[in-house]
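Residues per chain, in single letters:
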Amino acid sequence: MSPSSDHGRTVPSSLRRDGDFRRLWAGLTASQLGEQVGLVVLPLFAVLTLDAGAGQLGVLRAVGQAPVLLLSLVAGAWVDRWRARTVMVLTDVGRTLALGAAAVAALLGRLGLPALFAVAFAVEALSVFFDLAYQASLVRLVDRDQLVRGNSAIEGSRSAAQIGGPALGGALVSMLSAPIAAASGALFFTLSFLSIGRIGRAESLPPRSDRTPRVWRRIQEGLRFVVGDGTLRTVCLASAAFQFSLTATMTVYLLFLPRELHLSGTAVGLALAATGPGAVLGSVLAARLPRRFGHGAVLVSAAALGDGVFLCVPGLRGSPAVTVPALLAINFVFGAGGQLVNVTVMAVRQAVTPDGMQGRTAATITFVGMGPTPLGSLLGGFLAEEWGLRGSLLVTAAGMTLSPVLMALSPLARLGRTLPAPRDAPPPDGRPPLNP
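Notes on the structure follow. What you see is a predicted model, and the numbers here were worked out from it, not measured in a lab.

A count of helical and extended segments in the chain gives 18 helices and 0 strands. Pairs at least 24 apart in sequence give 89% of the contacts found in the chain among residues at least 6 apart. Accessible area of the chain: about 17700 Å², with a carbon and sulfur share of 64%.

Looking now at the side chain of Ser31. Along the chain, Ser31 falls in helix α2 (residues 19-49). Setting aside residues up to four positions removed in sequence, Ser31 forms contacts with Asp92, Arg95, Phe130, Phe188, Phe189 and Ser192.

It is worth spelling out helix α16 (residues 373-387) at this point. With 15 residues, α16 should reach 21 Å at 1.5 Å per residue; the first-to-last C-alpha distance of 20 Å fits that figure. Listed as buried for α16 are Thr373, Pro374, Gly376, Ser377, Gly380, Gly381, Leu383 and Ala384. Taken together, the buried residues of α16 touch α3 (54-79), α9 (230-260), α15 (358-370) and α17 (389-400). In the stretch just after α16, Gly388 is the one whose phi turns positive, near 90 degrees.

Moving on, we come to the nonpolar core. By size, the foremost hydrophobic cluster in this structure holds 51 residues, and its most contacted members are Leu116, Tyr253, Leu257, Leu263, Phe310, Val313 and Leu327. When residues in this core are grouped by element, the largest group, 9 residues, is from α9. Ignoring sequence-local partners within four residues, the contact set of Leu116 consists of Leu42, Phe45, Ala46, Leu50, Leu60 and Leu111. Leu24, Ala75, Val87 and Leu132 belong to the second-largest nonpolar core, a separate cluster that totals 24 residues.

Glancing now at a nonpolar patch on the surface. Judged by side-chain polarity, Val59, Leu375 and Leu378 come together as a nonpolar surface patch covering roughly 250 Å² of accessible area. Mapping Leu378 onto the fold places it in helix α16. Residue classification places Leu378 among the partly exposed positions, given a relative accessible area of 40%.

The next subject is the packing of α3 against helix α8 (residues 215-227). Helix-helix packing: each pair is described by the crossing angle between the helix axes and the interaxial distance. Viewed as axis vectors pointing N to C, α3 and α8 meet at an angle of 100 degrees, and their least axial separation amounts to 9 Å. Classed by the angle they form, the pair α3 and α8 counts as roughly perpendicular. Side by side, α3 and α8 meet where Leu73, Val74, Ala77 and Trp78 of the first sit next to Val215, Arg218, Ile219 and Leu223 of the second.

Calculation criteria
- Residues numbered from 1 in each chain as written.
- Predicted model: local features only at pLDDT ≥ 70, side-chain atom pairs only at ≥ 80, totals over all residues.
- Heavy atoms only, no water.
- Helix = DSSP H or I, 4+ residues; strand = E, 2+ residues; numbered from the N terminus.
- Contact = heavy atoms within 4.5 Å.
- Areas by Shrake-Rupley, 256 points an atom, 1.4 Å probe, with all protein chains shown as cover.
- Expected span 1.5 Å × (residues − 1).
- Buried < 20%, exposed > 50% of the residue type's maximum accessible area, 1.4 Å probe, protein only.
- Core = buried A, V, L, I, M, F, W, Y, C linked by side-chain atoms within 4.5 Å.
- Patch = residues over 30% accessible without salt bridge, like charges linked within 9 Å, V, L, I, M, F, W, Y side chains within 5 Å.
- Salt bridge = Lys/Arg side-chain N within 4 Å of Asp/Glu carboxyl O.
- Axes fitted to C-alpha atoms, helices over the stretch in contact; angles between N-to-C directions.
- Parallel < 35°, antiparallel > 145°, perpendicular 65-115°, else oblique.

Take a look at the structure:
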C-alpha cells in the first residue's frame, strides 16, 4: 500500500485505527496480486508454451476483456442491492477455483488455447463484480471527506501488487512452470476472501421498496445519471479513448518485448513491474496535489505526461542492457501518471454520486470505458500482423494521448481544490417526483 499520510505512513492515521478498513486493504492487496499474476501468466503461457501468434494473443486478451462489456451494467445494478463484502468473498472463491482448475489442467498437459480462453473469461467475469463491489464498499466504510485518502491508500495497494505481480508471474513461468504460477494466483485469491470475510461492520444499503425495480430499469437510472452530469460524461469518454488505445498497445507491446527486443520472460515481467513503483508515487501525490493545484489541473497534466511517455517505446533498439533500463523509466512515469489520474478520478466520481447510485455509476463508467477494450485487443493483433510491431506500436500509443485532450476541453479540467458535492439521483423511471 502506498504512503498517503503526511508522515509517509502506509495508511492515513484516521483510517489506520479502523480494523475493517485494514481488512479491506489487506484483502484487496492479495486479490490484486492474484489478478496481476494471472494477467502475465496466461498470455506468457500462450506465447511461450502454446506458440500463440499475434492474432491468437489478441483473441485471448479480447476474451478476457469481454465480460466488462457483457456484465458491467448488470453487475452494477446488483452491487447497489447487495452487501459488498458478500460479493467480494464469493467472487474471490470463484477465481480461486478457476485458476486452480487451470493449474491442474496444465499439470495434466490439457491446458490448450480453448481452455485458456475459458479461464480468462471466467476470471475476468468474476473480477467485474469484485471491482464494482470494492468501489462501493469504500463509500460505505469511510466518510466522504476521507475518500481521497482512502482511495489513495487502496490504490497504493493495487500499485504494490503491480510491483510484485508481473515480476512474480514472469519469474514463475520462466523458472518453474505455468501450473505453479496459476496456483500462486489462486492462493492470493484465497487470502483475499479470508481477509475480506472478517469485515464486521454492517453496511448501510439503500432502503428497498415493496416493489423492487427490474434490473434493466435500475440500469437505465444509472445511465441517465451519468449522461446527465458533464463531469461523469467526460470521465466515460476519456476512459473509453484511453482504454481502447491501451489494450491495443499492450497486445502489440507483449509481442514487441520478447520478439523485437528479444527479452526473456523474467525481463518482460520486470519491465511490466516498473509500473508499480511509479503507481506508488502516483498514489502518494494523489493525496496531496489535487488539494494544492486543483483536481482538474492535476488530471490533465498527469494524463498528458503518463500517456505521452509511451510514445518513446517504439524507438527503443539495442541489447537488453540498454532497452531494459529505458523500459523501466518509461513504465515508471506511465505508472505514476496513470495512478494519479485513477485515484483523482475515482474520488471525484464517488463524491458526486449519491450512495444509492455508487454501483451503477461505477458500472456505467466501466461499461463505457472498458467495453470497447476487446475491440482494441483485436485491433492491436491485426495491426501487428499487417503493419509490423514498431509501426503499430507507435500508432496505438499515439491514440492514448486523446484522453488528456478530451479532459482539457471539458468541465473536468475546471474542477478546483475541493471535491464537488453529491448530485441528486434521477427519479425512478425518469418521472418527476410527486408533490406531497
